[in-house]
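Structural features, examined
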Amino acid sequence: MSGLAGIIGEHGAEALQRRAGRMVSAVAYRGTPAVRMLDADKGILAQLGHTAAFDGLHIADRAIVGLSGRLDDPDVLATTLGLDATPSDEVLVYRAYLRWGTDFVEYIQGEYAIFLWDRVEANLVLVRDRFGVEPLYYANTSSSFVFASEIKAILAAEPDLRGALREDLIVDYIANIHAAEPEQTIFKQILRVPAASIVMIRGREIIVRRYYTLDTTVRSCGKDAPERFAERLSIAVRRRMRANGEIGALLSGGLDSSSITSLAAREVRGGRELPTYTSFYKDDPDGEDPYADAVRRKYGLSHPVLIDADDINVFDDLSTRLRALDRPPYGPNNALAQHVARSVAATGTAQVILCGHGGDEIVSSGSSFLRELAQAKQWSRLWSEIGDTDVLGFPRARVFRDLFLASSPMARRAARFVRMLNPAPKAPVASSWMQYVSPRVADAAAFSQRYDAARTPSSDVRLPLSARSHIANLFNPMQVEAFEGLDQTRTPSGLLFRYPFWDKDLIELAISLPGEEKWSRGWPRVLLRRAMKGILPEEVAWRPDKYNYVFRFKDSLRRAESVALISHALNEDAERVSHYVNISHARGLLHDLQTGEIGPLDLFYLWRVTILSHWLEERDR
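Residues numbered from 1 in each chain as written. Predicted model: local features only at pLDDT ≥ 70, side-chain atom pairs only at ≥ 80, totals over all residues. Heavy atoms only, no water.

**Things to note about the sheet that holds strand β15 (residues 305-308)**
In sheet architecture, strand pairing relies on hydrogen bonds along the backbone and comes in two forms, parallel and antiparallel. The strand order across the open sheet formed by five strands is β15-β14-β13-β16-β17, and the pairing between neighbours is parallel. In this open sheet, the two strands that pair with only one neighbour each are β15 and β17 (496-498). Within this sheet the neighbouring strands show an average axis-to-axis angle of 30 degrees, counted without direction. Pairing of strand β13 (residues 247-250) with strand β16 (residues 352-354), which is carried by three bridges, proceeds in the parallel orientation. Within the sheet, the bridge partner assigned to G248 lies in β16 and is I353. Contacting β13, β14 (276-280) and β16, helix α7 (residues 255-267) crosses the sheet at an angle of about 155 degrees to β13. (Pairing = 2+ DSSP bridges. Helix = DSSP H or I, 4+ residues; strand = E, 2+ residues; numbered from the N terminus. Axes fitted to C-alpha atoms, helices over the stretch in contact; angles between N-to-C directions. Contact = heavy atoms within 4.5 Å.)

Right under this line is the structure:
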């Protein structure tokens, strides 16, 4: 991705250039910098442009515009603006601003971060796209307003901001919840521009306004829902193939990446072949290689780049990776994502990479439709819709019983009475957040209240349950943080990664569809499966499962070098994390890891504790 940076404040030209130079150097991998000093030395702005992108820095009489990312359908916007030709995206933003003022944000879509300095009004405007794909942060100090695509660039200009961390967000990280306000980051004095928001800076006044709210009206669109979804996903892929460089695609063999790769392969013209990149594990009987091979055969993709992932450890190159991250990563796939990005870049075969990230959230598994049927007491249909695919991990009768009991107060009372007469032996209970977190800091951070608030859906209770569940998952704060983590992990490779599932028109269609369009007779994600009829090989479209990375994660943590890192964090370096972590519980889980069984949540907890310890160590250096 490209990048943005800037400082507003009267420090003199020399001081501004020096500080801007540090900011640009901190994120130099984002592109070639174009820098502009503001009139009367009131500040300095920079855009770092990627050679394959259509973004850049535009300097005009009325305003200076910098854009990182891309706009959808620039030809349509140019026609709406009455332009004879289609200029670059940042020029379109400038012309839209002249036409509509700050309301221009309602007329553009895509993935972008934008700054706009109005030279007449001496005001700054920052904009982030609707779903937060492109990152943008800012800090307001006593002498400056500083913004950038990465926090490390802000810290390069304002190093004093490094020290103050938000304890409540560190507790959230340990407990694996996301209760922060949309603008909060782990650094107290550094904020993010929230998704779908415009920030207006007028002197010392800062106004944040949300400019987009998803239409959550649920509509039935008849039997053509899959066809409409396929059409919109095709358009989303086409939009993201507009580039000044070669296009490639990550192809795991999963439903999402296979759909994106197949649609992209249909768009390639002139006898060219779409480059594909697949990570694999040798001699893995459950691997996805056969599915990826099926997609390549269907579209004649005969020269794949295969990336060996066998030797990747979740703690590989840990110090270097953590120095590159502005916060501790939430997912252990960070090491693999970095390895894949570097391997793709090393081939030199493509500069813009399409990725299936977000397919699960946008399409939705649809399983909440079953709870919706249970609440409506449609028992016959519920039995039929549970199906016999065993996708839910339990027999049909068990799923039906649990949903029946959960939806019937009388049945719940009867079940409790039966359990009193015939008590069953207690099963092992997985750790809870109360065991993960240091009691001292949990109380100080009012963590119980934050935890309960994070679990409470904020969507309209008048909507069907399946729609509420879909919306809550789609707009979980984790989605924006995941994009920010992917950006910091992948961008140093020098590649542009694009995510077709995160398309406004596609998302609005997916959200509007009722639950029966997303789940059918034991099959999750039927909307995408049906939409890809004739596009995906049948064995890929109707594969019943996803690849389970948990066992590889467990094996990685059980390696001697991983155990040594975890042990060091919990013993020799325990003081660094003991303020946040229940150390005695974590030590017990380490013993379980080495000697017995340990559940997935506890695995992730051990990994996060170790990551936090090393991230804090790198930050203190």
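That was the structure; now back to the text.
**Quick look at unusual backbone geometry**
Even without a glycine there, the phi angle at A40 is positive, about 60 degrees. Looking at where A40 falls in the secondary structure, it is placed in the loop between β2 (32-37) and β3 (43-49). For A40, a relative accessible area of 66% translates into the label exposed. Phi at A196 is positive, roughly 60 degrees, even though this residue is not glycine. Residue position: A196 is located in the loop between β10 (191-192) and β11 (197-202). (Buried < 20%, exposed > 50% of the residue type's maximum accessible area, 1.4 Å probe, protein only.)

**Some words on the packing of aromatic side chains**
Here a ring pair, both rings aromatic, is described through the centre-centre distance and the interplanar angle of the planes. Throughout the structure, instances matching the rule amount to 21 aromatic pairs. Ring centres 6.3 Å apart and planes at 90 degrees place the aromatic pair Y97 and F104 in the edge-to-face group. With relative accessibility at 12%, the residue Y97 sits in the buried group. Look at W523 and W542: their rings are 5.2 Å apart centre to centre, the planes differ by 90 degrees, and that puts the pair in the edge-to-face class. Taken together, the residues W523 in strand β19 (residues 523-524) and W542 in the loop between α23 (538-541) and α24 (550-558) connect sequence positions 19 residues apart. Here the aromatic residues F131, Y212, F475, F483, Y499 and W502 are joined through ring pairs into a cluster of three or more. Looking at R490, its charged tip hangs above the ring of F497, at a distance of 4.5 Å from the centre. One Lys or Arg, R552, reaches over the ring of Y281 and ends 3.7 Å from the middle of that ring. (Phe/Tyr/Trp six-rings, centres within 6.5 Å; stacked < 30°, edge-to-face > 60°. Lys NZ or Arg CZ within 6 Å of the ring centre and 35° of its normal.)

**Overview of the packing of helix α6 (residues 225-239) against α7**
Across the interface, α6 lies against α7 with an axial gap of 9 Å and an inter-helix angle of 70 degrees. In this view, α6 runs roughly perpendicular relative to α7, as classed from their interaxial angle. Both α6 and α7 take part in a crossing whose hand is right-handed. Side by side, α6 and α7 meet where L233, S234, V237 and R238 of the first sit next to S259, I260, L263, A264 and E267 of the second. Split into classes, the residues belonging to the contact of α6 with α7 amount to five nonpolar, two polar and two charged. (Parallel < 35°, antiparallel > 145°, perpendicular 65-115°, else oblique. Left-handed = near helix turned anticlockwise from the far one by under 90°. Nonpolar A, V, L, I, M, F, W, Y, C, P; charged D, E, K, R; others polar.)

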